[in-house]
Amino acid sequence: MNSPVGASRQSWLARNRMTLLTVVIVAAYALFIEWFWGWSAIIAQWATVGAIPILVALSLLTSTYFLRTWRILDYFPRETAGRFRTLFRVTQIHNLLNIMLPFRTGETSFPVLMRAEFGIPLTRATSALLVMRLLDLHALLAAAGIGFAAAAPNALLAWLLWAAFLLLPVAAFVIRRPLLRFGFRLFPAKAQGFLSEIENGLPANPRAFARAWAMTAVNWLVKVVVLAWALSLMGVSPLTASFGGALGGELSSVLPVHAPGGVGTYPAGITAGAVALGASTGKAALDALAQASINAHLLIIVSALTGTAISLPLGRRRQF
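Below you will find a few notes about this structure. (Residues numbered from 1 in each chain as written. Predicted model: local features only at pLDDT ≥ 70, side-chain atom pairs only at ≥ 80, totals over all residues. Heavy atoms only, no water.)

Overall, the coordinates contain 5 aromatic pairs when judged by the stated rule. Ring plane angle 10° and centroid distance 4.3 Å describe the contact between Phe 66 and Phe 88, whose orientation is recorded as stacked. In this pair, Phe 66 is assigned in helix 4 (residues 51-75) and Phe 88 in helix 6 (residues 84-100), connecting sequence segments 22 residues apart. Judged by its relative accessible area of 33%, Phe 66 is partly exposed. When its relative accessible area of 1% is taken as the criterion, Phe 88 is described as buried. With a centroid separation of 4.7 Å and 15° between ring planes, the pair formed by Phe 173 and Phe 209 is classed as stacked. One end of the pair, Phe 173, is in helix 10 (residues 168-174); the other, Phe 209, is in helix 13 (residues 206-233), with 36 residues separating them in the sequence. Across the pair, Phe 209 and Phe 173 agree in class, each one buried. (Phe/Tyr/Trp six-rings, centres within 6.5 Å; stacked < 30°, edge-to-face > 60°. Helix = DSSP H or I, 4+ residues; strand = E, 2+ residues; numbered from the N terminus. Buried < 20%, exposed > 50% of the residue type's maximum accessible area, 1.4 Å probe, protein only.)

The following block contains the structure:
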């Protein structure tokens, strides 16, 4: 029979297993970097870039978090009216948890926080989050498709396919009501309230959809351009490879599976994207690319921590 102390310890481990897993993986990653390259070599790459470009990149990346908050504010204008600061804190906590927890488990914090702070039902907040994540993934894939279409042997066909893919969100928005009506007929009456909340989490009209789509595009444009610029400053060339690396890293962050803090997966995404769009595959070049990818990843984490630090004093904290 377990003692009260043993049961309490098991309960604490069960509650904090994801946090402990994150700490262990991040620590192992830090030790691997020290063993393989040495943190002095990683930090030396920052010295070659200079303080001003780093601060500019950090400021621009942090500014994208305000745009993300505006996108959510536009999704829930009635519930969040006059509470931008509180919403900014919610989005930053959600973003940091999403980065640091494995397998996208941090996403679950968004509907919970939105219900706690703004009284938005879990199903509606989850539906809105799903739409935003699909728009995020679509924007990144569409951006990546530009590079592949430009390099395709049959340029006309490639650009036609890219244009068709670009318009997929418009098609999905147009057919949303027939699909929901089919769902209302298909599912029993008990599930119709659930479907109604899903419908409430979708953009209300074409203008709301257009704003969400435009804000998504601008957000990722700024982030990818800044990351590509930072990678080019750290020696990743040609310029197409810098953009490929930025896209590869960000694609790894929106896919269903990623490591805690993106350790390993984010730099791997940068390396794969850069190589796919022209980076050299020589040993020395790949080694420099790996170091640049780690530093770009660190830049993303620092920007997330900066945004969270700015947001924590804002709004009124509740107990939930």
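Moving on from the model shown.
Attention now moves to empty space enclosed by the protein. Counting across every chain of the model gives 2 cavities of 30 Å³ or more. In this structure, the largest cavity spans a volume of roughly 450 Å³. Arg 68, Asn 95, Asn 98, Ile 99 and Arg 133 are, among the 31 residues lining the largest cavity, the residues nearest its centre. Put simply, the parts of the chain that give the lining of the largest cavity at least two residues each are helix 4, helix 6, helix 8 (122-151), helix 13, helix 14 (239-254), helix 15 (265-276) and helix 16 (283-311). (1 Å grid on protein atoms, 1.4 Å probe; cavity = no way out; pocket = protein on both sides within 12 Å on 5 of 7 lines; lining within 4 Å. Points joined across faces, edges and corners; volume = space filled by probe spheres on them.)

Take unusual backbone geometry next. It is generally the case that most residues other than glycine have a negative phi and that most peptide bonds are trans. The residue after Ser 237, namely Pro 238, is reached through a cis peptide bond having omega 0°. Looking at the element boundaries, Pro 238 is found in the loop between helix 13 and helix 14.

As enumerated under the stated definition, the model contains 9 salt bridges in all. Note that Glu 79 is salt-bridged to Arg 124, the shortest N-O span being 2.5 Å. Here the residue Glu 79 occupies a position in helix 5 (residues 77-80), and Arg 124 occupies one in helix 8, the gap between them amounting to 45 residues. Note on accessibility: Glu 79 and Arg 124 belong to one class, buried. Overlapping salt bridges, with partners in common, bring together Arg 71, Glu 107, Arg 133 and Asp 136 in one network. (Salt bridge = Lys/Arg side-chain N within 4 Å of Asp/Glu carboxyl O.)

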